[in-house]
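The primary structure of each chain is shown beneath.
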Amino acid sequence: MGLPSGTFNQSYAQDMAIFRTKTHWVMLIAFLIFLFTCPLYAGDRILTVMTTIGITIISVLGLSILTGYCNQISIGHAGFMAVGAYTSGILTATLGWSFWAALPCAGLMAGLVGILFGLPSLKIKGFYLIMATIAAHFIIIWFILQFQNLTGGGNGLSVPRPEIGGFVLKSKASYFYLVMIIACLGTFFAKNLVRTRAGRAFIAIRDNDLAAEVMGVNLWAYKLLAFFIGCVYAGVAGSLLVHYVAFATVDQFPFMNSVWYLGMLIVGGMGSTIGVIFGAVSLKLLDELVTIVGPILSAAVAPQAAASLSLIMRGLVIIIFLIFEPRGLAHRWQMVKAYYRLWPFSH
Amino acid sequence: MTKIKWLFIASLIIVLLALPLFAACPSTTSPGAQATLYVGGCFALTGAYAEDMAASLAGYEDYIAWVNENKILAPWYPDKTIPDNVTFEVLWRDDELNVDKVLSIYEELKGKGLLVERVSGSPQALALMDLMYDDRIGATSAAAGPYLLTPPKTIFTNYPIYTDDCAAFADWFMENWTEDRAPRFSFLTADNAMGTSVVTDEMKAYLEGIGYVIVGEQYVPLVPTAPPTTQLLWLKDNGVDACFGVMINPGSQPTVKEMNNLGMGPGQAYEITFGCATPSHIQVFISAMGADGDGFCVAGGYASWDDPGNGMTFANDLLAANRPDKVGAMHIMYVDGIVEAMTQVEAMRLAMANTGKSADQLTSADVLEQGFYMIKNLDTGGITGSPLTYGPDDVEGADEARIQQIQGGKIADMGTYPCRHIYKK
């Protein structure tokens, strides 16, 4: 990572630090102040959009670890979210557990189910693994629909909102804080994870699994670990989503969501934590833009001109990124930072 | 470098100061001044119901334009007048059947002053139920799953709940059953929340109670990508006489085509009667299938286009005036749009009358409590199975489900059957 002129690393700790200059710290603190003061000046709509973006970021962080870092392409991520969602829903609604106890259980259960469906990754990869994870999604949804007495089947499951000492996190602002805190912690953990032994093993597997094995990386353990961690994130995101709307239904986890999560990784940049945030924010904001533009377009062109506009736009954006910026917005961000660092002598 | 840092900090401060502009600032107008009330909500113009929703939206727009011009609720309601200073406007967004999206759309439309809502499908209804109850917002719905009957109840349907459609079909079939043995019944339904919502213990208990033998259930995708041969042969192998499900036309049409291929149906080698709840529109079905759809039934549907009643005459007139190219070719959900918009307008009209408030003083709670809950026997001109009645414990507007069957390539009205209120939770 480039640093301003005159900044040198004098120890391993400095070399490994995420935030290395005062400017970095100031920007981080300014961002956190901005983020956590949002409920003071943003309306319900903006808080809703930001909360759903936060939940998406948590989920896509998991996919980033699994796919971006370890190259285990999964299109079953929405299914793993459903596992977390229903675990948390059943524990709180049926067994009366606290949300705070149910949330880690949701992550854990999704992680364990992830390990189960990650087992094929030991034998297959690439296209074949994609097919296996697609199957995982539908098997999970099938199980949820079958256990009607437990999950409510097609009619869904009403779940309570989280409480802290009798205070119900019912308002937009309170839930926004909950999601953002978890999203920040999740981002920090993900950023750190890739600098650990496990993270380096993931990257080694991604770059060349045969070479990684020859070097002594235990493919079996690390691939399953990637599935576990990735799915824990998905489970936590799923739990947060259903407690947000106080209802769990399989329709909240459509298969296409998994595809769009991969799209977010492409737009943001594979193998980059900041890329996850860029990807999730940009595609979600694109959705919002299209939603607003839709009725205007319908009025101006034809009543059905707005139909499928969002899908078209998302598809186009992904195609454009794949062709013109395959390393995603994260790479653009690096270029902007490099330009800023060298300005006015950027040549 | 220092200049850039200061520039950055200054930009940050400007952004922080500008952010309060995002907050919604409600406008106030003096009583008697021209006021706009919004109707509409979410329409899933993307996805499996796109065609239905586009037609429904067209119904909303044409009806609201008519109301703004005539200042009455409907041609047969000259006494239900709209104040001259009130204008209605349709506010809508495409939610793509996406739960994430519906949440932000809901907040956006609420912020814009929409005092009512509209939900386009089951996932949206489930996601918004609690929120709308908390915000005291009433909504009309194009989905009629039994979950709407689970408290809190602020989502109102104009056609019967799917389980009541199923009961009406079963009542009609049993009334016409002539053999000595008990008829054998199976569910044949879409494999999603909407489709599986009829397969409940209460529904099975009712069917067994009136003399059916329940054989089991079979599921087909919402939009099948291959003929449901296996499912249909299972029905045949198990001697099923009647089957029912909740499907949309892209599901029910291929199912009936495959039934014909397999020689299954009324008057065919294997006698079986297949019925669907309202989202399978018989008017759409017949234009696509003609006499090939003979024997297919729909429960809880709207009147046919050639119905001489006030409602369908009004719908045809609106269509002729606004979309002449669509006369005879419009999707039947156009009349859903008319009925939903009429319900929303009536709720706001009643709320103004009951609270004595002017349009700009109305709140969503007024519209819910003094509007929606006060709608009693709202005559839809025969579009729906019965006039609509709502209340805090009554979100199912119609009390009777219309049974229609395709006979000789035409829609035959088989009468209306009472809603049995099967689902209780």
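Residues numbered from 1 in each chain as written. Chains lettered and ligands numbered in written order. Predicted model: local features only at pLDDT ≥ 70, side-chain atom pairs only at ≥ 80, totals over all residues. Heavy atoms only, no water.

### Thoughts on the packing of aromatic side chains
Residues and elements named next belong to chain B. Following the criterion strictly, the structure yields 31 aromatic pairs over all chains and no others. Ring centres 4.7 Å apart and planes at 10° place the aromatic pair Phe156 and Phe372 in the stacked group. Residue Phe156 is located in strand β5 (residues 155–157), and its partner Phe372 is located in the loop between α13 (364–371) and β11 (400–407); the two are separated by 216 residues in the primary sequence. On the basis of relative accessibility, which here comes to 0%, the residue Phe372 falls in the buried class. With a centroid separation of 6.5 Å and 35° between ring planes, the pair formed by Trp305 and Tyr334 is classed as tilted. Taken as a pair, Trp305 in the loop between β10 (297–299) and α11 (310–322) and Tyr334 in helix α12 (residues 333–355) lie far apart in primary sequence, 29 residues in all. (Phe/Tyr/Trp six-rings, centres within 6.5 Å; stacked < 30°, edge-to-face > 60°. Helix = DSSP H or I, 4+ residues; strand = E, 2+ residues; numbered from the N terminus. Buried < 20%, exposed > 50% of the residue type's maximum accessible area, 1.4 Å probe, protein only.)

### Points about the nonpolar core
Membership of the largest hydrophobic core comes to 236 residues, with the highest contact counts inside it found for A:Phe202, A:Leu240, B:Tyr63, B:Phe88 and B:Phe185. Looking at this core, you find at least three residues from each of domain 1 (35–160 + 305–394) and domain 2 (162–299 + 403–418) of chain B. For B:Phe88, the residues in contact, after removing those within four places along its chain, are B:Leu37, B:Val39, B:Ile64, B:Val67, B:Asn68, B:Ile82, B:Val345 and B:Met348. Core analysis: the second largest hydrophobic core is formed by eight residues, A:Cys38, A:Tyr41, A:Leu47 and A:Met50 among them. (Core = buried A, V, L, I, M, F, W, Y, C linked by side-chain atoms within 4.5 Å. Domains from an automatic or database assignment. Contact = heavy atoms within 4.5 Å.)

### Some remarks on the pattern of salt bridges
A full pass over the atoms with the stated rule returns 30 salt bridges over all chains. Where A:Asp287 meets A:Arg314, a salt bridge forms, and the shortest distance between an N and an O atom there is 2.9 Å. Remark: A:Arg314 occurs in helix α14 (residues 309–324) and A:Asp287 occurs in helix α13 (residues 273–300); sequence separation between them is 27 residues. Owing to a relative accessible area of 7%, A:Asp287 belongs among the buried residues under this scheme. Note that A:Arg314 and B:Glu96 form a salt bridge whose closest N and O atoms lie 3.1 Å from each other. Of this pair, A:Arg314 sits in helix α14 while B:Glu96 sits in the loop between β2 (86–94) and α3 (99–111), placing the two residues on different chains. Its relative accessible area of 11% is what places B:Glu96 among the buried residues. Each member of the salt-bridge network shares a partner with another, and the members are A:Asp44, A:Lys172, B:Glu107, B:Lys110 and B:Asp135. (Salt bridge = Lys/Arg side-chain N within 4 Å of Asp/Glu carboxyl O.)

### Describing the layout of surface pockets
Estimates place the volume of the second largest pocket at around 1200 Å³. Around the second largest pocket sit 32 residues that line it, and A:Asp251, A:Pro254, A:Phe255, B:Asn192 and B:Leu222 are the ones nearest its centre. At the level of elements, α6 (127–146), α12 (255–268) and α14 of chain A together with α4 (122–135) and α6 (193–196) of chain B are the ones that each hand at least two residues to the lining of the second largest pocket. Element by element, the count of residues in the lining of the second largest pocket is highest for α6(A), at five residues. (1 Å grid on protein atoms, 1.4 Å probe; cavity = no way out; pocket = protein on both sides within 12 Å on 5 of 7 lines; lining within 4 Å. Points joined across faces, edges and corners; volume = space filled by probe spheres on them.)

### A closer look at the packing of helix α3 (residues 44–69) of chain A against helix α9 (residues 197–207) of chain A
A packed helix pair is summarised by two numbers, namely the angle formed by the two axes and the spacing between the axes. Residue and element names in this part refer to chain A. At their nearest, the axes of α3 and α9 sit 8 Å apart, and the two run at 45° to each other. Here α3 lies oblique to α9, going by the angle between them. In this structure, α3 contributes Ile65, Gly68 and Tyr69 to the contact, and α9 contributes Phe202, Ile203 and Arg206. Tallied by class, residues from the contact of α3 with α9 come to four nonpolar, one polar and one charged. (Axes fitted to C-alpha atoms, helices over the stretch in contact; angles between N-to-C directions. Parallel < 35°, antiparallel > 145°, perpendicular 65-115°, else oblique. Nonpolar A, V, L, I, M, F, W, Y, C, P; charged D, E, K, R; others polar.)

### Focus: the domain arrangement of chain B
Residue and element names in this part refer to chain B. Under the domain assignment used here, chain B contains domain 1 (35–160 + 305–394) and domain 2 (162–299 + 403–418). Using only C-alpha atoms to locate each centre, domain 1 and domain 2 end up separated by 29 Å. Counting residues at the interface gives 16 residues for domain 1 and 16 residues for domain 2. When domain 1 packs against domain 2, the two sides together hide about 1300 Å² of surface, and 67% of this comes from carbon and sulfur. Scanning the region where domain 1 abuts domain 2 turns up zero salt bridges. Summed over the shared surface of domain 1 and domain 2, the result is one residue pair in polar contact (both at pLDDT 80 or more). Its residues placed into classes, the side of domain 1 that touches domain 2 shows 11 nonpolar, four polar and one charged. (Buried area = accessible area lost by both parts, 1.4 Å probe. Polar contact = N/O pair within 3.5 Å; in protein donor to acceptor, adjacent residues only side chain to side chain.)

### Topic: α13(A)
Helical periodicity: at 3.6 residues per turn, an α-helix aligns residues three or four positions apart in one direction. In this model, α13(A) (28 residues) spans 40 Å end to end at C-alpha, consistent with the 40 Å of a helix rising 1.5 Å per residue. Capping the start of α13(A), A:Ser272 holds a side-chain oxygen 3.5 Å from the backbone nitrogen of A:Ile274, two or three residues further along. (Expected span 1.5 Å × (residues − 1).)

### Things to note about the sheet that holds strand β4 (residues 138–141) of chain B
Residue and element names in this part refer to chain B. Spatial ordering of the open sheet is given by β3-β4-β5, a layout of three strands whose pairing is parallel. Unpaired on one side and paired on the other, β3 (116–119) and β5 mark the two borders of the sheet. Each strand of the sheet is rotated relative to its neighbour by a mean of 30°, with strand direction disregarded. Contacting β3 and β4, α12 crosses the sheet at an angle of about 155° to β3. (Pairing = 2+ DSSP bridges.)

### Things to note about unusual backbone geometry
What you tend to see is this: most non-glycine residues have negative phi, and most peptide bonds are trans. All names here are of chain B. The phi dihedral of Arg136 falls on the positive side, at around 55°, and the residue is not glycine. Among the structural elements, Arg136 can be located in the loop between α4 and β4. By relative accessible area, which is 22% here, Arg136 ends up partly exposed.

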